[in-house]
Amino acid sequence: MHEIVASADIEGISKTVRSPANAFIDGRLQAARSGRRFETLNPATAEVLGSVAACDAADVDLAVAAARRAFNERKWSGAAPEDRKDVLLRLANLIREHAEDLAMLESLDSGKTITDCRAEIGEEVPRFFQWYGELIDKTFGKIAPTDESALALIMQEPIGVVGLVLPWNFPLLMAAWKVAPALAAGCSIVLKPAEQTPLTALRLAELSSEAGLPDGVLNVVPGFGETAGQAIGRHMDIDAISFTGSTETGALFLKYASESNLKPVALEMGGKSPFIVLEDADISEELIENAVSAAMWNGGQNCSANMRQFVHQSRKDEFLGAVIERVGRIRAGNPLDPSTDMGAMVSAEHRQRVLGYIAKGVSEGARLVTGGEAPLPGMAGYFVRPTVFDRVTPAMTVAREEIFGPVLGVMSFSEPEEALAMAADSVYGLHATVFTRDIDRALHFARRLPCGTVSINRFTEGDIKTPFGGYKRSGSLARDNGTEALEQYLQKKTIWISRSKAGVGATSA
Ligand code: NAD
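Residues numbered from 1 in each chain as written. Predicted model: local features only at pLDDT ≥ 70, side-chain atom pairs only at ≥ 80, totals over all residues. Heavy atoms only, no water.

Looking at an unreviewed UniProt entry, one finds the protein chain named Aldehyde dehydrogenase PuuC and attributed to Oceanibacterium hippocampi.

As structure tokens, then:
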């Protein structure tokens, strides 16, 4: 089950992978109350993979009731942290055992390459359950300094029932980013995967039951944003939301909270991140590899994709030539082929949106140097060619708006402060990469760039140990990953114990 399927067999075996198709509520799969279903497609072939329960407010009500009952029963929320850890470690192992099936399911449902899905699901996803499992029995409260008349304890308690609303670009990984710390904290969960990619989250719920998670603790309601998503956002009995998705939808969750029970809302949202090459940087193969993968990884469907690439004017021709050559070697096509570097856009609608941005780049005067609107020969699905624009200016739409596709824009600058100012000029603030050999300059850029993660001389988002999130319209103060993620799911309680006069007399006698 966990063995990597040989390339020659993968197409055939992928057709046999089992996938749940109903909501997972209170420990069992069930159809939507309305009986409605929606189709989920394979973006690489445009074929229907199957139909899934289309949950709405009635199903969200059931899921929240199950989650609340489970929370109040305290089998999970009140369990010893080491017992929660045992279940999370078992779940990590079950995911490892089923990694190949899950990776195939993810690739079919999302159009992501099997190579990326194997790395995410075989390695990263189980690590999240293991890491937060290991963390939770080492997470202590505090005692405040007081005089001898009191003992002041600062405890951390699970926040309650949390609503997790997810995007489609890293479906199971984004689920793991949130579900693992929320479970470790002792919360109950109502999770809505993106409507484009509902399948692996449902498998995760099944596996969590197998690992020993009590019924009702993890509920998954597939469905659309307007219905299931909104019902979660507005629910009066959900205690907190953790959302990853677009900035526009993130703003709606703040509105839902303000119009319902004022639940706290943690937001991880869009980006338009810069990649800066200073004059002293060596335009090496490694730098070009970083520049291209920072923009093109996952077909550019990555919140921290570095799409605005600022290169010192003296290095720009060399940089651009090398980028075009490297982009020309990207193998776009069948995601199930392990030699494929770039899969499909997630949907026909999203492909159209990306192509619209490419057309806009051309009409606003950027120079299209590779890629463009032409379809990928022989591919029926929703593919976009890796595309590079030169002579982009900061005012152009392709320099300002999040495209979320493989569209890299190159700009040049003459002074470092000019690059800094252009890089900072965005409503977003998720990530930035800087290439330079000058450590003082690297630190100066790292301090001044208004974003949640700055990576120097390598494109990276960090790893499980480091908090991930955005400044400005890329995020709220909350962070995913690291010990910081637990803060989304725990709340603090002060217990102040005063010494009673009678008590003193009694004990000191
Ligand atoms: P989206 O905002 O369209 O959808 C995200 C989720 O919100 C989905 O589950 C969707 O069904 C739901 N939703 C949509 N409309 C809703 C509504 N009216 N009410 C309630 N819920 C609603 O985003 P997407 O297209 O799925 O994902 C792409 C976006 O996610 C990009 O902007 C990307 O930058 C962002 N993203 C951010 C991070 C991060 O950590 N910052 C990570 C991945 C993706």
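Visitor: Help me out: how do you make sense of the overall build of the protein chain in this one?
Guide: When helices and strands are tallied, the protein chain shows 16 helices and 21 strands. Here the C-alpha radius of gyration of the protein chain, 24 Å, is about what a compact globule of 509 residues would show, namely 23 Å. For the protein chain, the spread of C-alpha atoms along the principal axes amounts to about 85 × 55 × 45 Å. For the protein chain, buried positions account for 55% of its 509 residues. Of the accessible surface of the protein chain, which amounts to about 20,700 Å², a share of 52% is contributed by carbon and sulfur atoms. Treating the 52 positive side-chain charges of the protein chain as one cloud and the 65 negative ones as another, the clouds have centres 4 Å apart. (Helix = DSSP H or I, 4+ residues; strand = E, 2+ residues; numbered from the N terminus. Rg over C-alpha atoms; globule rule 2.2 N^0.38 Å. Buried < 20%, exposed > 50% of the residue type's maximum accessible area, 1.4 Å probe, protein only. Areas by Shrake-Rupley, 256 points an atom, 1.4 Å probe, with all protein chains shown as cover. Lys, Arg positive; Asp, Glu negative; His and termini not counted. Charge placed at Lys NZ, Arg CZ, Asp CG, Glu CD.)

Visitor: Can you walk me through helix H8 (residues 225–234) in this structure?
Guide: Residues separated by three or four positions in an α-helix point in the same direction, a consequence of the helix having 3.6 residues per turn. Listed as buried for H8 are Ala 228, Gly 229, Ala 231, Ile 232 and Gly 233. In this structure, the buried residues of H8 make contact with helix H2 (57–73), strand E7 (161–165), strand E8 (188–192), strand E10 (240–244) and helix H9 (247–258). (Contact = heavy atoms within 4.5 Å.)

Visitor: Would you mind showing me how to read the site of the ligand here?
Guide: Close contacts around the ligand come from 30 residues, with Leu 166, Glu 195, Ser 246, Tyr 256 and Glu 402 the closest. Between Leu 166 and the ligand, the recorded distance is 2.7 Å, taken from a backbone N or O atom to an oxygen atom. At 2.8 Å, a backbone N or O of Met 269 approaches a nitrogen atom of the ligand. For the ligand, whose accessible area on its own is 840 Å², the fraction buried by protein is 91%. The set of elements that each furnish at least two residues to the shell around the ligand consists of H8, E10 and H9. Residue composition of the shell around the ligand, by class: 16 nonpolar, nine polar and five charged. (Near = heavy atom within 4 Å. Polar contact = N/O pair within 3.5 Å; in protein donor to acceptor, adjacent residues only side chain to side chain. Nonpolar A, V, L, I, M, F, W, Y, C, P; charged D, E, K, R; others polar.)

Visitor: For this particular structure, what's the right way to read the packing of helix H5 (residues 114–136) against helix H6 (residues 171–185)?
Guide: Axis angle and axis distance: for two packed helices, these are the angle between their axes and the distance between the axes, and together they describe the pair. Relative to each other, H5 and H6 sit at 15 degrees, their axes nearing to 8 Å. Between H5 and H6, the crossing angle belongs to the class labelled roughly parallel. Crossing of H5 over H6 shows right-handed handedness. Across from Glu 120, Ile 121, Glu 124, Val 125, Phe 128, Phe 129, Tyr 132 and Ile 136 in H5, the residues of H6 making contact are Leu 172, Leu 173, Ala 176, Trp 177, Val 179, Ala 180, Pro 181, Ala 184 and Ala 185. In the contact of H5 with H6, the residues fall into 15 nonpolar, no polar and two charged. (Axes fitted to C-alpha atoms, helices over the stretch in contact; angles between N-to-C directions. Parallel < 35°, antiparallel > 145°, perpendicular 65-115°, else oblique. Left-handed = near helix turned anticlockwise from the far one by under 90°.)

Visitor: What am I meant to see in the nonpolar core here?
Guide: Nonpolar side chains in soluble globular proteins tend to be buried together. Membership of the largest hydrophobic core comes to 71 residues, with the highest contact counts inside it found for Ile 95, Phe 129, Val 162, Ile 189 and Leu 191. Of all the secondary-structure elements, those providing two or more residues to this core are helix H3 (81–97), helix H4 (99–110), H5, E7, H6, E8, helix H7 (199–211) and strand E9 (218–220). If near-sequence neighbours (up to four positions away) are discounted, Ile 95 is found in contact with Leu 102, Ile 121, Val 125, Pro 126, Phe 129, Leu 204 and Leu 207. Of all hydrophobic cores here, the second largest spans 29 residues; its members include Met 345, Val 354, Ala 432 and Val 434. (Core = buried A, V, L, I, M, F, W, Y, C linked by side-chain atoms within 4.5 Å.)

Visitor: What is the right way to look at the pattern of salt bridges in this model?
Guide: Any two side chains of opposite charge can pair, on the condition that their charged atoms come close. In this structure the tally under the stated criterion is 26 salt bridges. For Arg 68, the salt bridge identified is with Asp 237, shortest N-O distance 3.0 Å. Taken together, the residues span a long stretch of sequence, with Arg 68 in helix H2 and Asp 237 in the loop between H8 and E10 at a distance of 169 residues. By relative accessible area, which is 17% here, Arg 68 ends up buried. Within this structure, Asp 26, Arg 69, Glu 73 and Lys 75 form a network of salt bridges that share partners. (Salt bridge = Lys/Arg side-chain N within 4 Å of Asp/Glu carboxyl O.)

Visitor: In this structure, what is going on with the UniProt feature "active site" (unreviewed entry) in the protein chain? I would like to understand it.
Guide: UniProt's feature table lists "active site" (unreviewed entry) at Glu 268, given in the numbering used throughout. Looking at where Glu 268 falls in the secondary structure, it is placed in strand E11 (residues 265–268). With near-sequence residues (within four places) excluded, Glu 268 lies in contact with Lys 178, Phe 243, Thr 244, Gly 245, Phe 468, Gly 469, Gly 470, Ser 474, Ala 478, Arg 479 and Asp 480. (UniProt positions renumbered as here; feature names shortened; annotations may be inferred.)

Visitor: Looking at this structure, I do not really get the packing of H8 against H9. What am I missing?
Guide: One way to put it is that H8 packs onto H9 with a least axis distance of 8 Å and a crossing angle of 45 degrees. Considering their axes alone, H8 and H9 lie oblique with respect to each other. In this structure, H8 uses Gly 229, Gln 230, Gly 233 and Arg 234 to contact H9, whose residues at the interface are Phe 253, Lys 255, Tyr 256 and Ala 257.

Visitor: What is the right way to read the UniProt feature "domain: Aldehyde dehydrogenase" (unreviewed entry) in the protein chain from this model?
Guide: Under the local residue numbering, the UniProt record ascribes the feature "domain: Aldehyde dehydrogenase" (unreviewed entry) to residues 34–495. Here residues 34–495 runs as 40% helix and 20% strand, with 46 Å between its end C-alpha atoms.

Visitor: Before we go on, may I ask you to explain unusual backbone geometry in this structure?
Guide: Residues other than glycine predominantly adopt negative phi, and peptide bonds predominantly adopt the trans conformation. Positive phi outside glycine occurs at Arg 74, with the angle close to 70 degrees. Tracing the chain through its elements places Arg 74 in the loop between H2 and H3. With phi around 55 degrees, Arg 391 is a residue other than glycine that occupies positive phi space. As for its placement among the helices and strands, Arg 391 is situated in the loop between strand E15 (387–390) and helix H13 (397–400). Exposure remark for Arg 391: the relative accessible area of 52% places this residue in the exposed category.

Visitor: For this particular structure, what's the right way to read the sheet that holds strand E14 (residues 367–370)?
Guide: Whenever strands of a sheet pair, they do so through backbone hydrogen bonds, lying parallel or antiparallel. Read across the sheet, seven strands follow the order E14-E15-E16-E13-E12-E18-E19 without closing on themselves; strand pairing throughout is mixed. Looking at which strands have only one partner, the edges of the open sheet turn out to be E14 and strand E19 (453–456). Across the sheet, the axes of successive neighbouring strands diverge by a mean angle of 25 degrees, strand direction being ignored. Direction of pairing for strand E18 (residues 431–435) relative to E19: parallel, over a ladder of four bridges. Residue pairing for E19: Val 434 is matched across the bridge by Ile 456. (Pairing = 2+ DSSP bridges.)

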